[in-house]
Each structure stands twice: as structure tokens, then as C-alpha cells.
Amino acid sequence: MGEGESVLFDFQEHLVGYVTLSFSTEGSHPDAPAWIELQLAERKQELSEDADKYHGWVSKSWIQQERIHLDTFPCRIRLPRRYAFRYLKLTVLGISTKYRLKVEEASCEAVSSADDADLKPYETQDAELLAIDRIACRTLHDCMQDVFEDGPKRDRRLWLGDLRLQALANAETYRQFDLVKRCLYLFAGSTFENGRLSAAIFTEPEIEADDTAMFDYSLLFVPTLLDYYEATGDRETLFELWDTAKRQIAMAAESFGETGIVRDSDRLGWCFVDWNLSLNKQASAQGIYLYCEKAAARIAAILGDIEGERAFMQDYEAKRSAALRYLYDEEKGVFISGADCQVSIASQVWMILGGVTNDAGILDRAKEAPDAVGMVTPYMYHHYVQALIDAGRKTQALEILRAYWGGMAKEGADTFWELYNPDDPNESPYGGTIVLSYCHAWSCAPAYFLRKYFSE
Ligand code: RAM
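None of these values were measured; they are calculated from a predicted model.

Definitions and cut-offs
- Residues numbered from 1 in each chain as written.
- Predicted model: local features only at pLDDT ≥ 70, side-chain atom pairs only at ≥ 80, totals over all residues.
- Heavy atoms only, no water.
- Near = heavy atom within 4 Å.
- Polar contact = N/O pair within 3.5 Å; in protein donor to acceptor, adjacent residues only side chain to side chain.
- Areas by Shrake-Rupley, 256 points an atom, 1.4 Å probe, with all protein chains shown as cover.
- Axes fitted to C-alpha atoms, helices over the stretch in contact; angles between N-to-C directions.
- Helix = DSSP H or I, 4+ residues; strand = E, 2+ residues; numbered from the N terminus.
- Parallel < 35°, antiparallel > 145°, perpendicular 65-115°, else oblique.
- Left-handed = near helix turned anticlockwise from the far one by under 90°.
- Contact = heavy atoms within 4.5 Å.
- Nonpolar A, V, L, I, M, F, W, Y, C, P; charged D, E, K, R; others polar.
- Salt bridge = Lys/Arg side-chain N within 4 Å of Asp/Glu carboxyl O.
- Pairing = 2+ DSSP bridges.
- Disulfide = S-S within 2.5 Å.
- Buried < 20%, exposed > 50% of the residue type's maximum accessible area, 1.4 Å probe, protein only.
- Expected span 1.5 Å × (residues − 1).
- Phe/Tyr/Trp six-rings, centres within 6.5 Å; stacked < 30°, edge-to-face > 60°.
- Lys NZ or Arg CZ within 6 Å of the ring centre and 35° of its normal.
- Core = buried A, V, L, I, M, F, W, Y, C linked by side-chain atoms within 4.5 Å.

Trainee: How should the site of the ligand be read in this particular structure?
Mentor: Surveying the vicinity of the ligand reveals 13 residues, the closest of which are D150, R154, D162, Y217 and H440. Within the side chain of R154, one N or O atom sits 3.1 Å away from an oxygen atom of the ligand. In the model, an oxygen atom of the ligand is placed 2.6 Å from a nitrogen or oxygen of the D162 side chain. Coverage of the ligand by the protein chains reaches 97% of its 290 Å² of free accessible surface.

Trainee: Looking at this structure, I do not really get the packing of helix α2 (residues 160-172) against helix α13 (residues 445-453). What am I missing?
Mentor: Relative placement of two packed helices is described by the angle separating their axes and the distance separating the axes. The N-to-C vectors of α2 and α13 enclose an angle of 45°; their axes lie 8 Å apart at closest approach. Viewed along their axes, α2 and α13 adopt a mutual orientation that is oblique. α2 and α13 meet at a crossing whose hand is left-handed. Here α2 contributes L168, A169 and E172 to the contact with α13, which in turn contributes A447, Y448, R451 and K452. Its residues placed into classes, the contact of α2 with α13 shows four nonpolar, no polar and three charged.

Trainee: Is there a simple way to think about the pattern of salt bridges in this case?
Mentor: Two side chains with opposite charge may pair up if their charged atoms get near one another. Evaluation of the coordinates by the stated rule reveals 27 salt bridges. Via salt bridges that share partners, D126, E128, R402 and K410 belong to a single interconnected network.

Trainee: Help me out: how do you make sense of the pairing of strand β1 (residues 6-27) in this one?
Mentor: Remember that side chains alternate between the two faces of the sheet whenever the strand is regular. In the sheet, β1 pairs with strand β5 (residues 83-94) via eight bridges, with the strands oriented antiparallel. Its bridge partner lying in β5, F9 is registered against L88. Sheet topology note: the β1/strand β6 (residues 99-110) ladder contains eleven bridges and is antiparallel. Residue T25 lies in a different strand from β6, and its bridge partner there is L101. As paired elements, β1 and strand β4 (residues 75-78) share four bridges and run antiparallel to each other. Looking across to β4, one finds that S22 is bridged to R76.

Trainee: What is the right way to read the state of the cysteines from this model?
Mentor: Working definition: the covalent bond between the sulfur atoms of two cysteines is a disulfide. What the rule picks out here adds up to zero disulfides. A disulfide-free cysteine, C75 has its sulfur positioned 18 Å from the sulfur of C108, the nearest such atom. Look at C75 and you get buried, because its relative accessible area is 17%. Free of any disulfide, C292 has its nearest cysteine sulfur in C271, 10 Å distant.

Trainee: Would you take a moment to explain helix α10 (residues 361-368) for this structure?
Mentor: Three or four residues apart is the spacing at which side chains of an α-helix point the same way, because the helix has 3.6 residues per turn. Among all positions of α10, only G361, I362, L363 and A366 are buried. Summarising the contacts, the buried residues of α10 are in contact with β10 (328-329), β11 (334-335), α9 (345-353) and α11 (378-390).

Trainee: Would you mind showing me how to read the side chain of H382 here?
Mentor: Tracing the chain through its elements places H382 in helix α11. Setting aside its immediate chain neighbours within four residues, H382 contacts L165, L168, W405, A445, Y448 and F449.

Trainee: Would you mind going over the sheet that holds strand β8 (residues 200-202) with me for this structure?
Mentor: Two pairing modes exist for strands in a sheet, parallel and antiparallel, and in both the strands are linked by backbone hydrogen bonds. Taken in spatial order, the three strands make up an open sheet running β7-β8-β9, and their pairing is antiparallel. Bordering the open sheet on either side are β7 (158-159) and β9 (208-209), each of which pairs with just one other strand. The pairing of β8 with β9 spans two bridges and is antiparallel. Note on β9: the bridge partner recorded for F202 is E208.

Trainee: Looking at this model, I keep getting lost on α11. Mind explaining?
Mentor: The end-to-end C-alpha distance of α11 is 18 Å, a good match for the 18 Å that 13 residues give at a rise of 1.5 Å each. Within α11, twelve of the 13 residues are buried, which leaves the element mostly enclosed by the surrounding structure. Among the residues of α11, those classed as buried are P378, Y379, M380, Y381, H382, H383, Y384, V385, Q386, A387, L388 and I389. For α11, the elements touching its buried residues are α2, α4 (215-232), α9, α10, α12 (394-410) and α13. Just downstream of α11, G392 is the residue with a positive phi angle, here 85°.

Trainee: Mind showing me how you'd approach the packing of aromatic side chains here?
Mentor: For any pair of aromatic rings, the description consists of the separation of the ring centres together with the inter-plane angle of the planes. Under the defined criterion, the tally for this structure stands at 30 aromatic pairs. Taken together, the aromatic side chains of W57, W159, Y217, W270, F272, W275, Y379, Y430 and W442 make up a single cluster linked through ring pairs. The aromatic ring of F256 is capped on one face by K319, whose charged end is 4.7 Å from the ring centroid. One residue, K394, lies across the ring of F454, its end atom 5.3 Å from the ring centre.

Trainee: What is the right way to look at the nonpolar core in this model?
Mentor: Grouped burial of nonpolar side chains is what soluble globular proteins tend to show. Among the nonpolar cores identified, the biggest contains 137 residues, and F215, Y217, F221, Y384 and W405 are the most heavily contacted of them. With twelve residues, the top contributor of residues to this core is helix α7 (residues 282-302). Apart from the residues lying within four places of it in its own chain, the contact partners of F215 are R196, A252, S255, F256, V262, L268, W270, C271, A285 and Y289. Counting 22 residues, the second-largest nonpolar core is a separate cluster that includes F23, A34, L79 and L90.

Trainee: Teacher, can you tell me more about the environment of A200 here?
Mentor: Tracing the backbone through its elements, the reader meets A200 in strand β8. A200 sits in the buried class, given a relative accessible area of 0%. In this structure the C-alpha to C-alpha distance between A200 and N170, which are 30 residues apart in sequence, comes to 19 Å. In this structure, A200 is in contact with R157, L158, W159, F187, A209, D210 and T212, ignoring residues within four places of it in sequence.

Right under this line is the structure:
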């Protein structure tokens, strides 16, 4: 290769790992270094995006791009960073005209703590579902490292909301429960002084909680712990982490007014729910609280704390009635959220999951409502699919799996993406798509749903 020339390596599959490159030269003895650029991409389209034009709020340092000098030849370099990629583009930025650069080898040592030998095949004759399951398992596999990472390209850390969905998929696939247990303990061992859980944990150079707490993520520790217990029967862990779990309910309860309704979005603090930036979170927060409180009551019952169970159920009933009374719009036949009475799919989903109603009609009516706020992340779609199943709409749930995750598959996904809005493929909450993660574990839902509910 001479100056300005480039070569694209397609590794044929999504990988997480360490890249090694070997170089030699042709022509005269190199009389100047070679200056090369490396771009690593999960999707091919990332390569055509101009990193210099990205000015979003998530740091551009996540963009997988390097510029390095090669001084002596032949040489072999192992890049120090871990990358998540399928494509590697190498461009010669500068080289002397007296020699040409030759790439002898490009390889990757791929890493994961999941073992495909543990993966039972998903039994179906349906080729489309088989493909969707395969992509979902790969997504989970590549996010399973020292912890369940949210995405191996970005943020490469343990987030609580992501962990819950990963743990569910793990129970149906790799069944590596020691990793789930490790993650639960990492959270529980890193609470803030008041006992609240952080939304995310850093593991390098040492374990440290992120200084961010989220209303929903803290609460979701409770069902994550319950799910873990139900999958493993590990009562000791359930018992040991129960105080931490209980504390999350107690702290979230402080965000409720006398009416039994949670504070509106603007006074609640960060409650994630979805990356749709126009979403009002009040009704979803109410539903999430109820969902988690039901799980808390269940844990209390398992541990023989009858008094505790009763107290949770009493509070649950009060807040459930409040939701029906203050958040349900009789005329529209849907739940509304916030001061502006916003109608969204998320609010309906969480009211179903929280056990406020099992009327799937609210989902239909919300969809038809003018200005209804939709969903943009597979994270939110996961909860939507669960709500459909819980409300007796299994066939529709499968249609969503085919349309939404199948939609990404048709776009050529090797792993499922952090964000997918079929109506707006360029949507990004971060101000640009180049920093998006295209292997994001909260998107591995099909591995869970297909195996649990749609096995032949
Ligand atoms: C994204 C992360 C993660 C999610 C948080 C709220 O930036 O990648 O998946 O849990 O947002």
C-alpha cells in the first residue's frame, strides 16, 4: 500500500478482543515511518461516518479509531485496547515514495466469559426465528466479560437495568449464574452511604460505583435478585442481599406524595425507562415501583417474613389504587403521565407489568392516540413484549419479536443494537450514531422470549 490507500478486513462475525497486525515492506529500505489509521467498526456504515463531525454529548473518545506510526520493519503489533468489531479498515496516511507497506496478518484474540459449548440449540423449524435467536445469543455472549457489560464498544460497564435483562437471557442460554451472582454482589457492595444502589459499576482499575443513581435502576435490583433466586435456588445469596433490596423500595417510597402517586418526571431525578427524550416518566415510574414491590413481597414470603410481606402488599394495593384513580383517563381508555397528561406506550407497558391492569386494550388505544410517544430502545421493547405476554397477547408478542428484532436482522445485524427506531434509523440520543453501540446486551431479549415462551 502507498499513501492514501486503504484495505478493509471483514472478520465475518462480531468479535470482542485484541487485534494483532504484522507488517512488512516492498521496495527500498524504509527511509521514513509509515503513518497509518485504523478504524474498527461493528457495522460497516460506521466507517463512512466522519468522526470529526460528531459533536454529541457522549464522548467522542468512544469512537474506535487509532493513528499510529510504524518505525521499523518487519513488525508485529498487538493493539493495547480491547475492541468490539467486525470490520477493520486500515488506511495509510503517510509513507515515503521509496517503499510500500504490506499487511502480512490481521488477527483477533476474541474474549468472552460465555462458553458456546454450554449453549443448547434453540429448537425450531422456523429459519427466521432461528436467525434471530442466533444473533441474540451472540449479543449476550460478546457482552459477557468480567461482568455483564452493557456494550463491549460502549459503555463497557455494568448497568443495573441492563443486568436484569441479561440475567434473564442468561438463564435460558449460557446459565452462567456465578456471573450474575458476582454482579449482584458488586452492586450490593458498592452502595452510596444512604444504602442506595448506584445505576452502574466500574470495574477498572478497581471496583467503584458510578456517582449516578436512577429511580428505576435501583428498584430493579429487587426483581433481579428474585429472578436469580428462582433460577438457582441460592437462598443464602437471597438472604444476604435482602437488606440491600429492601432499602431500594424504602428509598423509592420517599418519592411518593400523599395521593400515592410518584413525583412527576421533573422532580423525580433520573428515571431511565427509554431513550425517547420526550417521554414523561411519571406513570412508568409508578408501574416500575409496583412491579418491584411485588417482587419484594415475594422475597419476604420466601424468607418467611410474613409481616414484611403484608406490609409490602398493603402499600402495593394503596399505590395500585392510586394509579387507577389518578393516572387512568376513562375517556381515552389509557394511562396518562405527568402534568401534560402525556400518552405513551411505556406508561401502558409498565402499568401492565406493575399489575395495575391486564387489559391489553390500553396498548392498542395508546398506539392510536394522536401524539402518543413511542419506544426507541430494545430495552423498552423487551418490556413491551413481556407486557403483551402477561396480558394474554402471545401471538402479537411473537409478531413484535419478528418485526423489531427481525428488522435489525434484515439490516444485516450480527448482534443487536442499543437503539433501533424503524421509523428513524439515524436516531441517536447522543447527538450522533457513530458513538452508538451495535452489540448491546439489553437487546438480547429474543434469546429469553423465544426459548422461554416459543419453543417447539
Ligand atoms: C446507556 C448505557 C446503558 C444504559 C444507560 C441508561 O448509555 O449504554 O445501556 O443502561 O444508558
